[in-house]
Amino acid sequence: MTEAAPPAGLGLARSEGALAGLRVIDLTRVLGGPYCTMVLSDHGAEVIKLEPPQGDEVRDWGPPFNEAGDASYFVGVNRNKRSVGLDLSKPEGREVLLRLLEGADVLVENFKPGSMERWGLGYEAVLKQRFPGLVHCRVSGFGGEGPLGGFPGYDAVLQAMTGLMSINGTEDSGPTRLGTPIVDIATGLFSTIGILMALQERARSGLGQYVDMTLHDCGMALLHPHAANYFLNGKRPRATGNPHPNLVPYSKFRTRTCEIFIAAGNDPAFRKFCDFLGLPDLAKDERFATNGARVVNREALTEVLERRFADEDGHELTRRMLAAGLPAGPVLHVDEAMAAAHTAHREMVTELGGYRGVGTPIKLSRTPGGTRAEPPRYAEHTDSVLSAHGYSEAELAALRASGVLVDARRK
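Reading the values: rules and limits
- Residues numbered from 1 in each chain as written.
- Predicted model: local features only at pLDDT ≥ 70, side-chain atom pairs only at ≥ 80, totals over all residues.
- Heavy atoms only, no water.
- Helix = DSSP H or I, 4+ residues; strand = E, 2+ residues; numbered from the N terminus.
- Buried < 20%, exposed > 50% of the residue type's maximum accessible area, 1.4 Å probe, protein only.
- Contact = heavy atoms within 4.5 Å.
- Areas by Shrake-Rupley, 256 points an atom, 1.4 Å probe, with all protein chains shown as cover.
- Salt bridge = Lys/Arg side-chain N within 4 Å of Asp/Glu carboxyl O.
- Pairing = 2+ DSSP bridges.
- Core = buried A, V, L, I, M, F, W, Y, C linked by side-chain atoms within 4.5 Å.
- Axes fitted to C-alpha atoms, helices over the stretch in contact; angles between N-to-C directions.

Student: In this structure, what is going on with the overall build of the protein chain? I would like to understand it.
Tutor: Scanning the protein chain from terminus to terminus reveals 17 helices and 12 strands. Its C-alpha atoms give the protein chain principal-axis dimensions of about 85 × 60 × 45 Å. The burial tally for the protein chain puts 45% of its 411 residues in the buried class. Intrachain contacts of the protein chain at a sequence separation of at least 6 include 68% that bridge at least 24 residues. When the accessible surface of the protein chain is split by element, carbon and sulfur atoms take 55% of a total near 21100 Å².

Student: Looking at this structure, how should I read the environment of A156?
Tutor: Its place among the elements puts A156 in helix α6 (residues 155-161). Along the primary structure A156 and G69 are separated by 87 residues, whereas in three dimensions their C-alpha atoms are 26 Å apart. Here A156 is in contact with M165 and R177, once residues within four sequence places are set aside.

Student: How should the pattern of salt bridges be read in this particular structure?
Tutor: Charged atoms that come close allow side chains of opposite charge to pair. Throughout the structure, instances matching the rule amount to 28 salt bridges. One salt bridge in this structure joins E171 and R238, with 2.9 Å as the shortest N-O distance. Of the two residues, E171 sits in the loop between α6 and α7 (182-205) while R238 sits in the loop between α9 (226-233) and β8 (250-254), which places them 67 residues apart along the sequence. In this structure E171 comes out as exposed when scored by relative accessible area, which is 58%. A relative accessible area of 52% places R238 in the exposed class. A cluster of three or more residues bridged by salt bridges with shared partners is formed by R308, E312, E316 and R320.

Student: Explain the pairing of β8 here, please?
Tutor: Two faces, one strand: in a regular strand the side chains alternate between the faces of the sheet. Bridging between β8 and strand β9 (residues 259-263) involves 5 bridges; their strand directions are antiparallel. Bridge pairing links K252 to F261 in β9. Once β8 ends, the chain turns through 4 residues before running back antiparallel as β9.

Student: Which parts of the structure should I look at to understand the environment of Y230?
Tutor: With respect to the helices, strands and loops of the structure, Y230 is situated in helix α9. Accessibility expressed as a relative area gives 41% for Y230, which makes it partly exposed. With 168 residues separating them along the chain, Y230 and A398 place their C-alpha atoms 61 Å apart. When sequence neighbours within four positions are dropped, the list of residues in contact with Y230 reads K235, R236 and P237.

Student: Quick question: what am I supposed to make of helix α3 (residues 91-101) here?
Tutor: Residues spaced three or four apart along an α-helix point in a common direction, a consequence of the helix completing one turn every 3.6 residues. Of all the residues in α3, the buried ones are G93, R94, V96, L97, L98, L100 and L101. On the buried face of α3, the contacting elements are β2 (23-27), β3 (46-51), β5 (106-109), α5 (123-130), α16 (382-388) and α17 (393-401).

Student: It is not clear to me how the nonpolar core should be interpreted in this structure. Could you clarify?
Tutor: Within soluble globular proteins, side chains that are nonpolar tend to cluster in buried spots. Formed by 28 residues in total, the largest nonpolar core has its most connected members in I25, L50, L101 and L127. Among the elements that line this core, the one with the most residues is α3, at 5 residues. Apart from residues lying up to four places away in sequence, L127 is in contact with L98, L101, L107, M116, L121, G122, P132, L134 and H136. Grouped together as the second largest cluster of nonpolar side chains are 20 residues, F270, A283, L326 and A328 included.

Student: Can you walk me through the sheet that holds strand β4 (residues 81-85) in this structure?
Tutor: Strands pair in a sheet through their backbones, by hydrogen bonds, and they do so in one of two ways: parallel or antiparallel. Pairing is parallel in the open sheet, where 6 strands are placed in the order β4-β3-β2-β5-β6-β7. Where the open sheet ends on each side, the last strands, each with one partner, are β4 and β7 (210-214). When strand polarity is set aside, the average angle formed by the axes of neighbouring strands in this sheet is 20°. Here 4 bridges tie β2 to β5, and the two strands are oriented parallel to one another. Of the residues in β5, the one forming a bridge with D26 is V108. Running at roughly 155° to β2, α3 makes contact with β2, β3 and β5 of the sheet.

Structure, rendered in structure tokens:
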């Protein structure tokens, strides 16, 4: 018997994955939680996404939409998962969840703190007792306690409240939201790390634990080096735009063909940079000889470099700089970055069927991860998932009749 040909595509998983055998029940929506569970699924975890009757709301965050009517916002962070439509507001729906948690390793949810407890599904009172090996990760805005405990949180609000907006932009623009939802994504990544830590400890103790993740804390954790500068000098960090607050030259410059970014991280690198540009005396100028001096005389150095780069082809110049061991690169638009040759070489665009997305950045030699399945349609896997957990056709029909199982989103 011949083996089936592997599916055609790009950036696909070529092994069961480092997390094969791990079962994750995913009650998350929007971005932070779904990003976490996608990372786990890329590397072999079985992720069962339980969606409420209205579905994950980001299915509607478009255009653009795919042929199934799901927005790019949903498509981008939900590959490899299986979707079950379940109404947890009904007691019978919560019983389905408890049945699915039998044999599960991880529960990830981002309900408002207190919701699981009101449903009789709190970690300390119920889940810890019934499933002692379960790792329960909650993603919330501010946690359940403290002055802001229980309040809702969204990425941009937390960018504002943690100081991230205040250091982004320029003095003229004022505090500016980062273009990517960096707090949500960072929370997803930190949540992944927390879950894996808890699983590593469980291998020793046999016990699960509660992983308390907040957008607030993860946003604060992104404030390097600005928080470190503040702790040391007591001065309020200010927005500097593209230039680095501690390093010069570490900024964007204009060339004849495009903008480029230059990063000279230390004094030897700056001397090598000046030699490469045919400006060896620049590194001997007392205004620029040390990084501390260059930070003070940033504007004067910028004027010199802008003149030097004015007639250069930025793409060709930065390629030569990289070849010489000098960190530099052209400022690319998203479409240009996706089409770059090195992007293809690193499999950072993944394709399967009608799905295209950003590939996994985690490259493992023996157990490489990647795309395994397209993002699910709403409730696409309800029958297959529940049948695998022992539900009969009659039970499934009864759950549908009572409105616990939902096959089409309620608008």
